[in-house]
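Report on the structure
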Amino acid sequence: MTAAETAPATPGERIREAVAAASLGGSEAAREKQHAAGKMLVRERLALLFDDDVEVEDGLLARSAEGLPGDAVVTCFGRVHGRPVAVIANDYTVKAGTWGQKTFVKITRLQEQAVEMGVPIVYLVDSAGARITEQFESYVGRRAWGNIFANQIRISGRVPQLCAMFGPSPAGSAYIPALCDLIVMVEGQATAYLGSPRLAEMATGEKVSLEEMGGARMHCAVSGLGDVLVQDEAAAIAALRDYLSFVPSKWDEPVPMAAPREPAEHRPVVEIVPERENLAFDVHELVEAIVDEGSWYEMKALWAKELVTGFARIEGRAVGVVANNSKFKGGVLFPDSSDKAARFVWLCNAYGVPLLFLQDISGFMIGSTVERQGIIRHGAKMLYAVCEARVPRISVMVRKSYGGGYLAMSGAPTWPDAQLALPTARPALMGPAAAINAIYARKLDEMEDLDERRRFVMEKQAEYEEDIDILQVASDNAVEAVVQGDELRGELARRFALYAQRPMPPYERRNGVYPV
């Protein structure tokens, strides 16, 4: 062995070796276990997310001398669609991605840098939560794990915060995704829960599986926590990249434009939308007929399906779409769909994305069940969000536009920039059946002959329907325009381009008192 081979490593060589080792993450066995579970390593995820390589990374060597490289989290910057993005990514191969004392220091530092620079933050979540063994250094006090959530709330609405869930996010750490603008969940891998099934059984006696307790599909279809359900990690990362194409890097920048595209091939709108209000149709087909091909990005597609929300483009301009879907529950608004709408409207308003409402609404659901669920306060939340929105807002009466549902769907009295209507529009306080039942309730109760009663109801409903005339409404100047179906896209494109010229009015108060 030569003298050169036995000489101690230089400081530079030692650092290079440490960096190379830390970049691998956990042990070889831990990395193999991650792959065996069908999951990517953290740097494989970053390679898919960024246009090119990681540009800047902080804290790579944190706790590497203790065998915990990076303290189980990668904090770095890279580019997505050419724009800088900050990333906080758990490394499950290091102590199951758990949070230590240096973990929260790294996370909070990157959060602070991102908001100062005005760049989006992406959280790649795959963590077993906080380490109980380090709770006394990290739980109580002004510099503690809870700073992460406090920062998220302070950042909210200033720069986009996105989350992709590739694995667990238990207990308090579940609030990282919950406080983000977007939550993408990988089916069969992602879980979120405040208490594990084992803890739930100890506390309540309930026996439940992990998937039932906090699985990805449950959260995307039942609880409403998840926004997008995907089948694999590559699809999750693609969903993050797609979302970032619709929003600016920070709240006061223009919304990114894209090259205009014609809509996908579709039936004429007059064939898509049935004239009869009681014939259900899938509003997705109408959306696809209006927006640029391939631009539709739906959020919460599996939850509260009676209302559709998502981003799209019209002649290259990003818009947020809120549409009643009569195919599910008649498109009536329920507590969950009201919350779904409010959340989405607030999201669009935060980042300057114009709003398009497609109204086909008979109202809010009625009955003791929904009253007990708080339909009034949930509906108030939706109405509040709509009336508070300052971005350009266009509403289209597609068919029925009845009662309080019409107002919640950005009806003319809520001051949208324009209230348009298709020839099939039917605006009224109530639909024919409900109105006749209300107007002639006593007379109908007195009718003993069922055939006579049926004839009377049909006659009065026909008379009532004759009065629901969009031409009369337009004559009263209650709508800005009645537009033919095949001309709707062009009308929307011209109006959104025009309304984009008006300045955003200044805020005149700290905040309103939001409905519960």
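Residues numbered from 1 in each chain as written. Predicted model: local features only at pLDDT ≥ 70, side-chain atom pairs only at ≥ 80, totals over all residues. Heavy atoms only, no water.

Some remarks on the overall build of the protein chain
Stated precisely, the cut-off is as follows: Comment: elements are numbered from the N terminus, with helices defined as DSSP H or I runs of at least four residues and strands as E runs of at least two. The classification of residues rests on relative accessible area computed with a 1.4 Å probe and restricted to protein chains. Under 20% of the type maximum is buried, over 50% is exposed, and intermediate values are partly exposed. The contact rule is simple, with two residues in contact once any of their heavy atoms fall within 4.5 Å. Calculation of accessible area relied on Shrake-Rupley with a 1.4 Å probe; when residues are assessed, cover is drawn exclusively from the protein chains displayed.
Secondary structure summary: the protein chain contains 23 helices and 17 strands in total. Judged by the C-alpha coordinates and their principal axes, the protein chain covers about 110 × 55 × 45 Å. Residues classed as buried in the protein chain amount to 51% of the 516 residues present. Across the protein chain, the fraction of contacts at a sequence separation of at least 24, relative to all contacts at a separation of at least 6, is 74%. Surface exposure of the protein chain reaches about 24,700 Å², of which carbon and sulfur atoms provide 55%.

Let's talk about the side chain of Gln189
Tracing the backbone shows Gln189 in the loop between strand 7 (182–186) and strand 8 (191–193). Overall, the relative accessible area of 19% leaves Gln189 in the buried class.

A closer look at the sheet that holds strand 3 (residues 83–90)
Convention followed: The criterion for strand pairing is that DSSP finds at least two bridges linking the strands in question. Fitted lines through C-alpha atoms give the axes, limited to the stretch in contact for helices. The angle between two N-to-C directions lies from 0 to 180 degrees.
The strand order 1-2-3-4-5-7-9 describes an open sheet built from seven strands, whose pairing is mixed. Since the sheet does not close on itself, it has two edges, and those belong to strand 1 (56–58) and strand 9 (228–230), each with one partner. Neighbour-to-neighbour, the strand axes of the sheet open up by a mean angle of 20 degrees, direction not taken into account. Sheet topology places strand 1 next to strand 2 (residues 73–80); three bridges connect them, and they run antiparallel. By the bridge assignment for strand 2, Asp58 is matched with Thr75. Set on the sheet, helix 4 (residues 42–49) makes contact with strand 1, strand 2, strand 3 and strand 4 (121–125); between it and strand 2 the angle comes to about 15 degrees. On top of the sheet, helix 5 (residues 101–117) reaches strand 1, strand 2, strand 3 and strand 4; it is set at about 25 degrees to strand 2, its chief contact.

Side note on helix 2 (residues 11–24)
It helps to recall that an α-helix has 3.6 residues per turn; residues three or four apart then point in one direction. Here is the rule: To estimate how far a helix should extend, the number of its residues minus one is multiplied by 1.5 Å.
Over its 14 residues, helix 2 runs 20 Å from end to end, which matches the ideal 20 Å to within 8%, given 1.5 Å per residue. Remark: Gly25 follows helix 2 within two positions and exhibits a positive phi of approximately 95 degrees.

Comments concerning unusual backbone geometry
At Ala96, a position not held by glycine, the phi torsion is positive, near 55 degrees. With respect to the helices and strands, Ala96 occurs in the loop between strand 3 and helix 5. Exposure remark for Ala96: the relative accessible area of 23% places this residue in the partly exposed category. Positive phi is not limited to glycine here, since Ser410 has a value of about 65 degrees. Position of Ser410 relative to the elements: it lies in the loop between helix 18 (403–408) and strand 15 (418–421). By relative accessible area, Ser410 is classed as buried at 0%.

Quick look at the pairing of strand 5 (residues 161–165)
Burial analysis of strand 5 places five of its five residues in the buried class, which makes it a mostly covered element. The two faces of strand 5 match: Gln161, Cys163 and Met165 on one face and Leu162 and Ala164 on the other face are all buried. As paired elements, strand 4 and strand 5 share five bridges and run parallel to each other. Counterpart to Ile121 in the pairing with strand 5 is Gln161. Bridge count for strand 5 against strand 7 is four bridges, and the pairing is parallel. Its bridge partner lying in strand 7, Met165 is registered against Met185.

Some remarks on the environment of Gln161
Threshold: For this analysis, a polar contact is any N or O atom pair within 3.5 Å, provided that within protein one partner can donate a hydrogen and the other can accept it, and provided that sequence-adjacent residues contribute only side-chain to side-chain pairs.
Locating Gln161 in the fold gives a position in strand 5. Once residues within four sequence positions are removed from consideration, Gln161 is found in contact with Ile121, Tyr123, Gln152, Ile155, Ser156, Leu179, Cys180, Asp181, Leu182 and Tyr351. Polar side-chain contacts of Gln161 include one of 3.0 Å to the backbone oxygen of Gln152.

Describing the pairing of strand 2
In terms of burial, strand 2 is largely enclosed, as seven of its eight residues are buried. Relative to strand 3, strand 2 is paired through eight bridges, and the arrangement is antiparallel. By the bridge assignment, Arg79 is partnered in strand 3 with Pro84. Counting the residues in the hairpin turn of strand 2 and strand 3 gives two residues, including His81, whose phi is positive at 55 degrees.

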